[in-house]
Amino acid sequence: MSNTAKTTTPEGQKYDGFTEEERDAMKQRAKELKTSARRGAKADTESEVLAKIAEMAESDRVIAERLHALIKAQVPDLTAKLWYGMPAYARDGKMICFFQAAAKFKARYATLGFSDEANLDEGAMWPASYALTEMTADVEARIAALLKQAMS
């Protein structure tokens, strides 16, 4: 039995393996790792994150800009970096959270995700990612609380 998944694309085409978007994300991650190795893990990469945000479609860009500002205000010691071509935020080199634009994988919503380095534990099960369709005051307050908990 093959471990390769057979999937149907939205256009009805069948393929085995990774989608074009997944392959692109892996290529971006390989490039990020090579760049990081050349310049060192402590390099300031915020300008790269801001440039990636500026390239996003307007609806994703608006959310990503506000999320970036919120994260930098709430947890200024997190380092902005790219992770699989997405804005991500790390502490001591370990990724804590990331933003995935809706357009990146042709999804209907953007995603705010947290890694296992984030202290979001609540019993035996808890959410590690959240759908984002817009940044309202309530959403920002909820994200601020999640960031506080993640860093505790």
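Provided above is the structure to which this section pertains.
Asker: So what's going on with the sheet that holds strand β4 (residues 86-91)? Which residues, and what values?
Answerer: Pairing in this open sheet of 5 strands is antiparallel, and the strands run β3-β4-β5-β6-β7 from one edge to the other. Strands at the two margins of the open sheet, each flanked by one partner only, are β3 (79-83) and β7 (129-132). Ignoring which end each strand starts from, the neighbouring axes of this sheet average 25° apart. Relative to β4, β3 runs antiparallel, the two being bridged by 5 bridges. Its bridge partner lying in β4, Trp83 is registered against Met86. Packing against the sheet, helix α2 (residues 46-55) makes contact with β3 and β4, and its axis sits at approximately 55° to β3.

Asker: If you had to explain the pairing of strand β6 (residues 110-114) to someone new, which residues and values would you point to?
Answerer: Within β6, 5 of the 5 residues are buried, leaving the element largely enclosed by the surrounding structure. What you see with β6 is no split at all: Ala110, Leu112 and Phe114 on one side and Thr111 and Gly113 on the other are buried throughout. The pairing of strand β5 (residues 94-100) with β6 spans 4 bridges and is antiparallel. The partner of Phe99 across the bridge, within β6, is Leu112. Across 4 bridges, the pairing between β6 and β7 is antiparallel.

Rules used in this analysis
- Residues numbered from 1 in each chain as written.
- Predicted model: local features only at pLDDT ≥ 70, side-chain atom pairs only at ≥ 80, totals over all residues.
- Heavy atoms only, no water.
- Pairing = 2+ DSSP bridges.
- Helix = DSSP H or I, 4+ residues; strand = E, 2+ residues; numbered from the N terminus.
- Axes fitted to C-alpha atoms, helices over the stretch in contact; angles between N-to-C directions.
- Contact = heavy atoms within 4.5 Å.
- Buried < 20%, exposed > 50% of the residue type's maximum accessible area, 1.4 Å probe, protein only.

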